[in-house]
Amino acid sequence: MDVKAIDIKSPKLLRVGLVAFFALAFNSACTVESGPLVAPAKESLKFQSHFGISASEQTMQQARYDINEVQVNFRALNGHQNSITGLLAEDFQVSENGIPVHPFSLRSETERINQVADIVFLVDVTGTMSELIETAKLRLRHFIQTSRQQGYHTRMCISTFGNYTVKKCERFFDNNPNDPSTEAQVRELLSELNQLRAFRGAGYDPGWPDLNENPMGALMDAADAPWGESSQRFVILVTDWGFHISPEVDETEVGGEAGEEAEAEDAAEAGDGRVMIDVHYLEGGKGQIPAPRMSEVNQAIEKSQMTVFAVTRMEHTHRGQHMVWDGFNSPLNGQPSIVESSGGEWFDFDLVIRGRVTLDQILQRILDRLNTTYQIRYQVDSIPHLDPTLPVKQRKLDIQVKGHPRASVLIDSVSSTQPQGRPEYKKQWKVGTEDILSDSLQIFVDEKIMTPGEDFKIEGGDVIFAEAPAPGAQLRFVYFYKNPRKNLRETTLNFAGHLNASNTQVVLNGHKVTDISHLIFAHDLEGHTNLSFSEAALSSTSDPYQIWEQRGLSVEVILTQ
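Bear in mind that the values here come from a model prediction, so they are computed numbers and not experimental data.

**Digging into the state of the cysteines**
Across all of its chains, the model carries one disulfide by this definition. Covalent S-S linkage joins Cys157 and Cys169, the inter-sulfur distance amounting to 2.3 Å. On the S-S bond that ties Cys157 to Cys169, the torsion sits near 135°, and the link is right-handed. Of this pair, Cys157 sits in strand β8 (residues 153–161) while Cys169 sits in the loop between β9 (165–167) and β10 (173–175), and the two are 12 residues apart along the sequence. We note that Cys157, like Cys169, is buried.

Here it is as structure tokens:
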């Protein structure tokens, strides 16, 4: 679905009609624009898009704990650092902690290794991030579409933070190019991405009034995301400032190496040396929350087996004070950085702002890690002298290429089905990110429909099965949310030029918008305007614009100047 953009510099009166149809909204694949298109100047122009209502779908899988299987993704390189292809299992010598590994299975590029990438976009939504977020939304939409076209299987989740985690990653949206049914989840992901924005001012900005945020706490929350069992796991962490951190010993430290003097007045020390972040000023009041320790952050990274791509600053000068932030890409408090401990990569936030490093390039680095030449799997329990109780971080893999003395092996990832031991099989599953209409919920286990009351019950946003689904079972949940906006498949209204409440009139489902707080005009780094709608406009249970009744949303934009 192409969303056109209007150049508002033309003196002509332009009228844009975008009409929603429930039944026809998304029968075809969604097309994401690469940038705003400037419409030719005419007396009257109409553009159509579809803001329809559709059910949400969520897919999950019961893990398998009957075996401890290790998976190693790697590339074999010659002396010129070019990939060596065509190698067989007998061409490799594998050992773990010095113990020969045999037998093992080998897959190569000739079998087209389609790995799944689970990606959490973990973004700071405090006031100073506005322009970068608007630009990132365009780039992420482009990535979602092009990665699917290129045959990559990704699952993406959006999580946000300030002084605390505003939105946790509670579900991934599946984008499987080999499964047309996942197009519905892609559309829902694009709709959620469209609602992403920064917040400004007291009572709204989740980082107000201090400068440092809590990305490390948000990273620990991301570690608890519902990762796929065999997915490669990535977090793209984006923030423009330092962070709150508790010391490993009983002394107060805030925001990495620097920031102690600048932010000490915003922290209170608890009895065990923890730094407490005061967030009581926010609407609703959250009191104080503790900042994590670096050791806890690294433990969470290890447990989740996620790789962190950090888009941050390591140093910054603000109002004459030069600050250095260790912990992102350099050790802190005797602990390795989040990039080192996760095997990830660091990108300079300021280079991203200046366009010298783009989000497209960062996302491509994730895809590069999926282009694995070889994949080895072996069952720890079936190999003599290997210790099945070891966590994955203590499994030191060595892979040699026989007959190629100058060859080297570059390991992209090592994962295990039991990174820290065997948990119980799950009976309780979190469904949706908000309250759902329980009567609308349908559950399929290996495509067999479950019976409410007999096979499962609902408590809040959780589904509790009478019996845990079998190991490896595929679970599919289909439902509507109580919040009308969550069922609405929004697309971005992107305009070339500067729109605001004084030069624009908006009509929703035939109702002229008189409350300008219902409209959000956000401007990006490229001189464009994204028009979206506030929570009060579309999420209210009173449904002021009759989304449920109209089975969607008709949007009319009239440029009055």
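Let's pick the thread back up.
**What about the packing of helix α3 (residues 215–223) against helix α5 (residues 294–304)?**
Here α3 crosses α5 at 25°, and the two axes come no closer than 9 Å. By the angle between their directions, the pair α3 and α5 is classed as roughly parallel. The crossing of α3 and α5 is left-handed. Between α3 and α5, the residues in contact are Met216, Leu219, Met220 and Ala223 and Met294, Glu296, Val297, Ala300, Ile301 and Ser304, respectively. In the contact of α3 with α5, the residues fall into eight nonpolar, one polar and one charged.

**As for the sheet that holds strand β19 (residues 374–379)**
The strand order across the open sheet formed by four strands is β6-β19-β3-β21, and the pairing between neighbours is antiparallel. For this open sheet the edge positions go to β6 (105–108) and β21 (408–416), each flanked by a neighbour on one side alone. The average undirected angle you get between the axes of adjacent strands in this sheet is 20°. One ladder, built from four bridges, connects β6 with β19; its direction is antiparallel. In the strand pairing of β19, Leu106 is matched with Ile376.

Definitions and cut-offs
- Going along each chain's sequence as written, the residues are numbered from 1 onward.
- For a predicted model such as this one, the threshold for reporting local features is a pLDDT of at least 70, and the threshold for listing and counting side-chain atom pairs is 80 or more; totals across whole chains, interfaces and linings nevertheless cover every residue.
- The side-chain figures draw on all heavy atoms in the structure; neither hydrogens nor water molecules are used.
- Our working definition of a disulfide is a cysteine sulfur pair at a distance within 2.5 Å.
- Secondary structure elements follow DSSP: runs of H or I of four or more residues count as helices, runs of E of two or more count as strands, with numbering from the N terminus.
- Relative accessibility decides the category of a residue: with a 1.4 Å probe and only protein chains considered, values under 20% of the type maximum give buried, values over 50% give exposed, and everything between is partly exposed.
- Axis angles are defined between N-to-C directions and span 0 to 180 degrees, where every axis is a line fitted to C-alpha atoms and, for a helix, only to the segment in contact.
- An angle counts as roughly parallel when it lies under 35 degrees, as roughly antiparallel when it exceeds 145, as roughly perpendicular when it falls between 65 and 115, and as oblique in every other case.
- Here is the rule for handedness: rotate from the far helix to the near one, and if that takes an anticlockwise turn smaller than a right angle the crossing is left-handed, while a clockwise turn gives right-handed.
- Only heavy atoms enter the contact rule, under which two residues are in contact if any of them lie within 4.5 Å.
- In the scheme used here, Gly and all other residues not listed as nonpolar or charged are polar, with Ala, Val, Leu, Ile, Met, Phe, Trp, Tyr, Cys and Pro taken as nonpolar and Asp, Glu, Lys and Arg as charged.
- Strands are treated as partners if at least two bridges between them are detected by DSSP.

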